[in-house]
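# A look at the structure
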Amino acid sequence: MKKILCKKVLVISVGTVIAFGNLTWSVSQVSKLAKQREIESFEQETVKSSELEMAE
């Protein structure tokens, strides 16, 4: 009985670790994407403002 319980705890803890790892990985991916988007939108705005200056 105790062996089964230990195995269940082990499986649950391993599952938790894997799930947590996946979560942290996806969060880091999302933050990378967000930074990339910020940089892209900043670049686009810079281009737009320089185009406006040229138009004037």
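A brief report on the enclosed structure follows. These numbers were taken from a predicted model, which means no experiment stands behind them.

## Focus: the environment of Glu 43
By the element assignment, Glu 43 lies in helix H1 (residues 2–55). Assessed through its relative accessible area of 47%, Glu 43 is described here as partly exposed. Distance from Glu 43 to Ser 28, taken between C-alpha atoms, is 22 Å for residues 15 residues apart in sequence.

## A few points about a nonpolar patch on the surface
A contiguous nonpolar patch, built from Leu 10, Val 14 and Ile 18 and spanning about 280 Å² of accessible area, is present on the exposed surface. Structurally, Leu 10 can be placed in helix H1. Given a relative accessible area of 55%, Leu 10 falls into the exposed group.

The rules behind these values
- Residues numbered from 1 in each chain as written.
- Predicted model: local features only at pLDDT ≥ 70, side-chain atom pairs only at ≥ 80, totals over all residues.
- Heavy atoms only, no water.
- Helix = DSSP H or I, 4+ residues; strand = E, 2+ residues; numbered from the N terminus.
- Buried < 20%, exposed > 50% of the residue type's maximum accessible area, 1.4 Å probe, protein only.
- Patch = residues over 30% accessible without salt bridge, like charges linked within 9 Å, V, L, I, M, F, W, Y side chains within 5 Å.
- Areas by Shrake-Rupley, 256 points an atom, 1.4 Å probe, with all protein chains shown as cover.
- Salt bridge = Lys/Arg side-chain N within 4 Å of Asp/Glu carboxyl O.

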